[in-house]
Amino acid sequence: MRCGRAREWLSLTMDSQLPPDKTISLEGHLEKCTGCRSYRDDLLLGQRLLRATEPEVSENFEWRLQLKLNQTLQEAAQSATLPWENPRWSLSRWLGTVGVSMAVSCAVIVALAMLVLPTSPSRDPQGGGTGPAVIAHHDAPMSSSSIDADRTDRRSLLSQNSGSTIWPRPVSLPNSGLGVRPANRGFPNSERFWVEIRNAINSRQAQIDRLRQENLLLTVERDDMRKQLVELKAQLDIKDSDQLDLQRED
Amino acid sequence: MICSKDQFSDQPRQPQPTLREIRDEELIARVQQGQRKPFDEIVSRYKGRLYSFILRMVHEPSLAEELAQETLVRVYIHAEKYREIARFSTWVFTIATNLVRNRMRKRSRRPRMLRLNPAPDEDELPLDPPDPGADPTQLIEREELGALINLATSRIPEKYRIPFLLREVDQLTYEEIQQVTGLKLGTVRSRINRARNRFRQNIKPLLKNETLLAELERIEAEANEDKE
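**Description of the state of the cysteines**
The term disulfide refers to a covalent linkage connecting the sulfur atoms of a pair of cysteines. All names here are of chain A. This structure, assessed with the given rule, holds 0 disulfides over all chains. For Cys-3, which is in no disulfide, the shortest distance to another cysteine sulfur is to Cys-36 and amounts to 3.6 Å. With no disulfide of its own, Cys-33 lies 3.6 Å from the sulfur of Cys-36, the closest cysteine sulfur.

**Structural notes on the packing of helix H4 (residues 88–109) of chain B against helix H6 (residues 158–168) of chain B**
All names here are of chain B. Direction vectors running N to C along H4 and H6 enclose 160 degrees, while the axes themselves pass 12 Å from each other. Between H4 and H6, the angle is such that the two are roughly antiparallel. Of the two possible hands of crossing, H4 and H6 adopt the one that is right-handed. Each of Phe-93, Thr-97, Arg-101 and Met-104 in H4 lies in contact with H6, whose residues at this interface are Glu-158, Arg-161, Ile-162 and Leu-166. Broken down by class, the residue content of the contact of H4 with H6 amounts to 4 nonpolar, 1 polar and 3 charged.

**Quick look at H4 of chain B**
Between its first and last C-alpha, H4 of chain B extends 32 Å over 22 residues, near the 32 Å set by a 1.5 Å rise per residue. Here H4 of chain B has its buried residues at Phe-88, Ser-89, Thr-90, Trp-91, Val-92, Phe-93, Ile-95, Ala-96, Thr-97, Leu-99, Val-100 and Met-104 of chain B.

**Considering the layout of surface pockets**
Size it by volume and the largest pocket reaches roughly 1800 Å³. If you go around the largest pocket, you meet 39 residues; those closest to its centre are Leu-244 and Gln-247 of chain A together with Tyr-51, Leu-55 and Pro-61 of chain B. Elements with a contribution of two residues or more to the lining of the largest pocket: helix H4 (61–79) and helix H7 (190–249) of chain A together with helix H2 (37–58), helix H3 (61–77) and helix H5 (142–154) of chain B. Looking at which element gives the most residues to the lining of the largest pocket, the answer is H7 of chain A, with 10 residues.

**Side note on the interface of chain B and chain A**
Contacts between the two partners involve 44 residues from chain B, matched on the other side by 34 residues from chain A. Approximately 3900 Å² of surface area, both sides summed, lies buried where chain B meets chain A, with 62% of it carried by carbon and sulfur atoms. The largest contributions to the chain B side of the interface with chain A come from Gln-69, Arg-196 and Arg-200 of chain B, which together make up 14% of the buried area. The interface formed by chain B and chain A contains 7 salt bridges. Close ionic contact of Arg-48 of chain A with Glu-220 of chain B constitutes a salt bridge, the shortest N to O distance being 2.9 Å. Our count for the chain B to chain A interface comes out at 16 residue pairs in polar contact (both at pLDDT 80 or more). Tallied by class, residues from the side of chain B that touches chain A come to 22 nonpolar, 8 polar and 14 charged.

What counts as what
Residues numbered from 1 in each chain as written. Chains lettered and ligands numbered in written order. Predicted model: local features only at pLDDT ≥ 70, side-chain atom pairs only at ≥ 80, totals over all residues. Heavy atoms only, no water. Disulfide = S-S within 2.5 Å. Axes fitted to C-alpha atoms, helices over the stretch in contact; angles between N-to-C directions. Helix = DSSP H or I, 4+ residues; strand = E, 2+ residues; numbered from the N terminus. Parallel < 35°, antiparallel > 145°, perpendicular 65-115°, else oblique. Left-handed = near helix turned anticlockwise from the far one by under 90°. Contact = heavy atoms within 4.5 Å. Nonpolar A, V, L, I, M, F, W, Y, C, P; charged D, E, K, R; others polar. Expected span 1.5 Å × (residues − 1). Buried < 20%, exposed > 50% of the residue type's maximum accessible area, 1.4 Å probe, protein only. 1 Å grid on protein atoms, 1.4 Å probe; cavity = no way out; pocket = protein on both sides within 12 Å on 5 of 7 lines; lining within 4 Å. Points joined across faces, edges and corners; volume = space filled by probe spheres on them. Buried area = accessible area lost by both parts, 1.4 Å probe. Salt bridge = Lys/Arg side-chain N within 4 Å of Asp/Glu carboxyl O. Polar contact = N/O pair within 3.5 Å; in protein donor to acceptor, adjacent residues only side chain to side chain.

Bear in mind that shape data such as this cannot, by itself, settle questions of function.
Right, dumping it as structure tokens:
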């Protein structure tokens, strides 16, 4: 075997990549050739030197990693776009996904509204006839106990008046979250009801505007803090490089 | 650790393994589920290896630290992309290798400064180990030894140096190096062989130093004590 081939095989045998039969012939060559034996010893010594002199990472590595990770996550959150701002967004894709689901949910709401809203005037159980609706403002959502009470009332009313045809007492609409509920008796006064709805929407809109302004202020504050962070990082880098220079001089 | 009985059987409950005992692939699976502590364990396992590999490629400590951190940030951000088809270390070093290659490509595009009386190229200068003749008992300090080894490594051409370091220092298998670098298996073998030969030539003056072996054995003994 020639030394050139033997030295190639030496590299493979260090990584257990040489087949057994070739390993045997290599060992036979090494017994006879001092040059290749010396080459093998040098390779093994070089491997030991590399592994023994691995550089050590600095102590504040993890702290800086944390800063970098937080910064990257913040940038990723800011760069997230609304679907219609994405140039790859297309109306057809939107219709395919969001549009269909919105259409289905609208259909469900309409169906529920038709079931829930009264279809004819109801008799006042106390003999007062249908009066104007009383619209009550409630901040808390309608509790299940009050819904159950309505159902119970309806059932008891029906049982009391068996034999005569009466209209079932209307069930009040669930709280829409706007703090408005129509009256339990008769038809709601539609004009007043929708006026109240409009007022509630306006107040919510004002709330949204106020929150947007607060968001703007917080964004400005965040940008200032980010600038401070960059400055501090730069100062830290300068300090570290000065320390390195001092160490080199020593 | 207290072992209590399982409430559904009389068998003693197996103690939960600590994060240190869990393998890398399991740790990243937990990170994919949204846990943060397993990622801290991944950082502590890989920061040294990544920094060592990258520093020996780029030879600037601040840049090596930056690229090592960038690698770990990408591991965290894109954790959901890892699939257990390959080992986790292969995936991490693929990210690191790509970052290093991109940075070195950018560096090579920068125009070189012209010097009027250029010094001989660094590759042509022999390594200058301490002269053993003056004082044979003079020990080579560890830092000095490390600097000489880094210099010897820097003189290996980049295309040989990547598979060489991945094998010698990070102990990836040939198949893993093939996946990381995208090279054929035969190419990986030949490049590692050539890099070893080149490295041997670079450190040959060092190998004649009588105190080198003593210092190396001292460093290895310290490292073994730390592990225990």
